[in-house]
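One letter stands for each residue in the lines below.
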Amino acid sequence: MRELILLRHAHAEPAASGQSDFDRPLSPIGVSEAEAAGKWISEHRLIPDRAVYSPARRTRETLEAVLGITGYVEQRLEDSIYEATAGTLIALADAHRDVDRLLLLGHNPGLERLAALLHSGSSSEYRGMPPGAVAVLAFAGEGPVEPGVATLSAFWWP
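Calculation criteria
The residue numbers shown here count from 1 along each chain, following its written sequence. Reporting in this predicted model follows two pLDDT cut-offs: at least 70 for local features of residues, and 80 or more for side-chain atom pairs to be given and counted; totals over whole chains, interfaces and linings ignore these cut-offs and use all residues. With hydrogens and water stripped out, all remaining heavy atoms of the structure feed into the side-chain values. Only DSSP runs of H or I reaching four residues or more are called helices, and only runs of E reaching two or more are called strands; each is numbered from the N terminus. Just to be clear, the radius of gyration here is over C-alpha atoms, and the globule rule we use is 2.2 Å times residues to the power 0.38. Only protein chains enter the calculation, and the probe is 1.4 Å; a residue is then buried if its accessible area is under 20% of its type maximum, exposed if over 50%, and partly exposed in between. For this analysis, residues touch if any pair of their heavy atoms sits within 4.5 Å. Here, Shrake-Rupley sampling with a 1.4 Å probe gives the accessible areas, and only protein chains in the shown set may cover a residue. In summary, the charge assignment counts Lys and Arg as positive and Asp and Glu as negative, without counting His or the chain termini. Where a charge sits is defined by one atom per residue type, namely NZ (Lys), CZ (Arg), CG (Asp) or CD (Glu). When the centres of two rings from Phe, Tyr and Trp lie within 6.5 Å, Trp using its six-membered ring, the rings pair. Their planes under 30 degrees apart give stacked, over 60 give edge-to-face, and anything left gives tilted. Only buried Ala, Val, Leu, Ile, Met, Phe, Trp, Tyr and Cys residues count toward a nonpolar core, and they belong to the same one when joined by side-chain atoms within 4.5 Å. To define axes, lines are fitted to C-alpha atoms, for helices over the stretch in contact only, and angles between the resulting N-to-C directions are given on a 0 to 180 degree scale. In these notes the angle categories are as follows: under 35 degrees is roughly parallel, over 145 is roughly antiparallel, 65 to 115 is roughly perpendicular, and the rest is oblique. Left-handed is the label given to a crossing in which the near helix is rotated counterclockwise from the far helix by less than a right angle, and right-handed is the label when the rotation is clockwise. All amino acids are sorted into three groups, where Ala, Val, Leu, Ile, Met, Phe, Trp, Tyr, Cys and Pro are nonpolar, Asp, Glu, Lys and Arg are charged, and the leftover types, Gly among them, are polar. We call two strands paired when DSSP finds no fewer than two bridges between them.

A.B. asks: How should I be thinking about the overall build of the protein chain in this particular structure?
C.D. replies: Scanning the protein chain from terminus to terminus reveals 4 helices and 6 strands. Scanning the protein chain from its N terminus toward the C terminus, one meets helices and strands in the order β-α-β-α-β-α-β-α-β-β. The C-alpha atoms of the protein chain give a radius of gyration of 14 Å, which matches the 15 Å a tight globule of 158 residues would have. Across the 158 residues of the protein chain, 48% fall into the buried class. The contacts in the protein chain between residues at least 6 apart in sequence include a share of 70% that link residues at least 24 apart. Total accessible area computed for the protein chain in this model is approximately 7300 Å², and 49% of it derives from carbon and sulfur atoms. Of note, the protein chain has its 14 positive side-chain charges centred 2 Å away from the centre of its 21 negative side-chain charges.

A.B. asks: What is the right way to read the packing of aromatic side chains from this model?
C.D. replies: Between two aromatic rings, the relevant description is the distance of the centres plus the angle of the planes. Across all of its chains, the model carries 3 aromatic pairs by this definition. Arranged with centres 6.0 Å apart and planes meeting at 20°, the rings of Trp 40 and Trp 156 form a pair that is stacked. Within this pair, whereas Trp 40 is found in helix H1 (residues 28-43), its partner Trp 156 is found in strand E6 (residues 150-156), the two being separated by 116 residues in sequence. By relative accessible area, Trp 40 is classed as buried at 11%. When the ring of Phe 155 is compared with that of Trp 157, the centres are 5.6 Å apart and the planes differ by 50°; the resulting orientation is tilted.

A.B. asks: Can you walk me through the environment of Ser 153 in this structure?
C.D. replies: Position of Ser 153 relative to the elements: it lies in strand E6. Its relative accessible area of 45% is what places Ser 153 among the partly exposed residues. Along the sequence, Ser 153 and Ser 17 sit 136 residues apart, while their C-alpha atoms lie 41 Å from each other. Sequence-distant contacts of Ser 153, that is, excluding residues within four places in its chain, are made with Glu 3, Val 136, Leu 137 and Ala 138.

A.B. asks: Looking at this structure, how should I read the nonpolar core?
C.D. replies: In globular proteins that are soluble, nonpolar side chains generally tend to be buried together. Of all hydrophobic cores here, the largest spans 25 residues; its most connected members are Leu 4, Leu 6, Leu 104, Leu 114 and Leu 118. Mapped onto this core, the elements with two or more residues apiece are strand E1 (3-8), helix H3 (86-95), strand E4 (101-106), helix H4 (110-120) and strand E5 (134-139). If sequence neighbours within four positions are ignored, Leu 6 has contacts with Leu 104, Leu 111, Leu 114, Ala 115, Met 129, Ala 133, Val 134, Ala 135 and Leu 137. Grouped together as the second largest cluster of nonpolar side chains are 17 residues, Leu 7, Tyr 53, Val 134 and Val 136 included.

A.B. asks: Would you take a moment to explain the packing of H3 against H4 for this structure?
C.D. replies: Each pair of packed helices can be summarised by the angle the axes make with each other and by the distance between the axes. Where H3 meets H4, the closest approach of the two axes is 8 Å, and the angle between their N-to-C directions is 70°. If you check the angle between H3 and H4, you find them roughly perpendicular. The hand of the H3/H4 crossing is right-handed. Residue-level contacts link Ala 86, Leu 89 and Ile 90 of H3 to Gly 110, Leu 111, Arg 113, Leu 114, Leu 117 and Leu 118 of H4. In terms of residue class, the contact of H3 with H4 is made up of 7 nonpolar, 1 polar and 1 charged.

A.B. asks: Looking at this structure, how should I read the sheet that holds E5?
C.D. replies: Backbone-to-backbone hydrogen bonds pair the strands of a sheet. The strands run either parallel or antiparallel. As summarised here, the arrangement of the 6 strands in space is E3-E2-E4-E1-E5-E6, forming an open sheet in which the pairing is mixed. Each of the sheet's edge strands pairs with one partner strand only, and the pair in question is strand E3 (74-77) and E6. Going across the sheet, the axis of each strand differs from the next one's by a mean of 20°, ignoring polarity. Here E5 pairs with E6 via 6 bridges, running antiparallel. Its bridge partner lying in E6, Ala 138 is registered against Thr 151.

Right, dumping it as structure tokens:
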């Protein structure tokens, strides 16, 4: 893998009475944020080879809005992303290092801790990743995805 793009789902509606967190849809603001993320990804020529995403409704809707702008790519639903730790996410990214550019779409705190872990080697130094934010991590070699091996090459939020 050459680059890993981390995308946090955009703003979602609060859970309605009796609705699970898992089933929360994007808010109208979230739809706009997801489309803006797609435009940013497209303008910076960061179209992924594969998108791996959480099954939560808000992540699926974020991905649809982004890919509606960038064009469709190979997609893989990954149950383990929902409520994943940075350790789970690093193993998942490593399992997909056969592609040059991977988009990993999920949730905090896992994504922001993953960005810190890959960049600095410690997940305790994360700074935050707002809804709809994009972090791009560049890898120098073809080795395994592990703590401290990436450079944060871009960070954007709506």
